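Observations on the model geometry
One letter stands for each residue in the lines below.
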Amino acid sequence: MGRRSRKRVTGESLAEAERAGAATGTSTRAERDEARRRRAQELARSQAGRRGRDDPRLPAPWGPFPLTELVVLLAIGLLIGAFVVRGERGRTMLAAGLLLGSLGGLEVSIREHFAGYRSHTTIFAAAAGVLTIVVVTLVVHPIKLWIVGLIALAMFCLTFYLTREAFKRRSGGVGFKAGDRS
């Protein structure tokens, strides 16, 4: 014969079941269901209060207007249009879509990072490295690729260190915080 699966009883639920059934010696199913419902309500109330009151993310400077979401939506539209339209206009739409999408994501990352909510150190360092590559190749056109790579790597390391230290100051000394996934 197979084994029957049994529901595990935690210390809290066992203590509550004992309190509920203390008068009669056992608890009924209705009493256990009521205790479960009360625990779920208390948990929901405590989570709702904690999120609203202690949410460390900074609000957007423009208030509740969904500017970042609209910029990302425009970027998606431009990217889709870039595959429909060919030629120079299509390449321009592709570049604009990539740029707007990157700026939309970077804006949220900046607010979260400098509020001490979630670390985005590597994203900032990579963005600084890519920007360095673009600027160096545009300004000093005939330059060897390995020199551009070294300059970009130096900028990556410098930006990584500076943004990591800024996050440590904002988060109370923590170097990395992934944030709440709930």
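Residues numbered from 1 in each chain as written. Predicted model: local features only at pLDDT ≥ 70, side-chain atom pairs only at ≥ 80, totals over all residues. Heavy atoms only, no water.

**Side note on the side chain of Thr159**
- Note on placement: Thr159 falls in helix H6 (residues 145-171).
- Looking at Thr159, its side chain comes within polar contact range of the main-chain oxygen of Met155, at 2.8 Å.
- When sequence neighbours within four positions are dropped, the list of residues in contact with Thr159 reads Phe124, Ala125 and Ala128. (Helix = DSSP H or I, 4+ residues; strand = E, 2+ residues; numbered from the N terminus. Polar contact = N/O pair within 3.5 Å; in protein donor to acceptor, adjacent residues only side chain to side chain. Contact = heavy atoms within 4.5 Å.)

**Topic: helix H4 (residues 88-114)**
- The end-to-end C-alpha separation of H4 is 38 Å, in line with the 39 Å expected for 27 residues at 1.5 Å each.
- Those residues of H4 that fall on the buried side of the exposure criterion are Gly90, Met93, Gly97, Gly104, Glu107, Ser109, Glu112 and His113.
- Buried residues along H4 sit against helix H3 (67-84), helix H5 (121-139) and H6.
- Just beyond H4, the residue with positive phi is Gly116, at close to 80°. (Expected span 1.5 Å × (residues − 1). Buried < 20%, exposed > 50% of the residue type's maximum accessible area, 1.4 Å probe, protein only.)

**A look at the packing of H3 against H4**
- In contact at an axis separation of 8 Å, H3 and H4 are set at 155° when each is read in the N-to-C sense. Judged by the angle between their axes, H3 and H4 are roughly antiparallel. Crossing handedness for the pair H3 and H4: left-handed. Contacts between H3 and H4 involve Thr68, Val71, Val72, Leu74, Ala75, Leu78, Leu79, Gly81 and Ala82 on the former and, on the latter, Gly90, Met93, Leu94, Ala96, Gly97, Leu98, Leu100, Gly101, Gly104, Glu107, Val108 and Arg111.
- Across the contact of H3 with H4, the residue classes tally to 13 nonpolar, 6 polar and 2 charged. (Axes fitted to C-alpha atoms, helices over the stretch in contact; angles between N-to-C directions. Parallel < 35°, antiparallel > 145°, perpendicular 65-115°, else oblique. Left-handed = near helix turned anticlockwise from the far one by under 90°. Nonpolar A, V, L, I, M, F, W, Y, C, P; charged D, E, K, R; others polar.)

**Points about the environment of Ser119**
- Considering the arrangement of structural elements, one finds Ser119 in the loop between H4 and H5.
- Judged by its relative accessible area of 12%, Ser119 is buried.
- A C-alpha to C-alpha distance of 9.2 Å links Ser119 and Ser171, two positions 52 residues apart in sequence.
- A polar side-chain atom of Ser119 sits 3.0 Å from a polar atom in the side chain of Thr121.

**So, the confidence of the model for the chain**
- Scored by pLDDT, the chain has a mean of 81; 75% of the residues are at 70 or more.
- The spread of mean pLDDT over the elements of the chain runs between helix H1 (residues 11-20), the lowest at 55, and H3, the highest at 94. (pLDDT = per-residue confidence, 0-100.)

**Describing the pattern of salt bridges**
- For the structure shown, the criterion picks out 6 salt bridges.
- Glu107 serves as the salt-bridge partner of Arg111, at 2.5 Å between the closest nitrogen and oxygen. Remark: Glu107 and Arg111 occur in helix H4; sequence separation between them is 4 residues, near one turn of the helix. (Salt bridge = Lys/Arg side-chain N within 4 Å of Asp/Glu carboxyl O.)

**Structural notes on the packing of aromatic side chains**
- A complete count under the given rule lists 2 aromatic pairs for this structure.
- When the ring of Phe114 is compared with that of Phe124, the centres are 6.1 Å apart and the planes differ by 15°; the resulting orientation is stacked. Note that Phe114 is positioned in helix H4 and Phe124 in helix H5, a separation of 10 residues in sequence.
- Judged by relative accessible area, Phe114 falls into the partly exposed class, the value being 32%.
- Plain terms: the ring middles of Phe156 and Phe160 are 6.2 Å apart, the flat faces sit at 25° to each other, and that makes the pair stacked. On the criterion of helical spacing, the pair formed by Phe156 and Phe160 is a turn pair, its members being 4 residues apart in helix H6. (Phe/Tyr/Trp six-rings, centres within 6.5 Å; stacked < 30°, edge-to-face > 60°.)

**Observations concerning a nonpolar patch on the surface**
- Taken together, the side chains of Val130, Leu131, Val134, Val135, Leu138, Val139 and Val140 present a nonpolar region at the surface, about 660 Å² in accessible area.
- If you trace the backbone, Val139 turns up in helix H5.
- Judged by its relative accessible area of 64%, Val139 falls in the exposed class. (Patch = residues over 30% accessible without salt bridge, like charges linked within 9 Å, V, L, I, M, F, W, Y side chains within 5 Å. Areas by Shrake-Rupley, 256 points an atom, 1.4 Å probe, with all protein chains shown as cover.)

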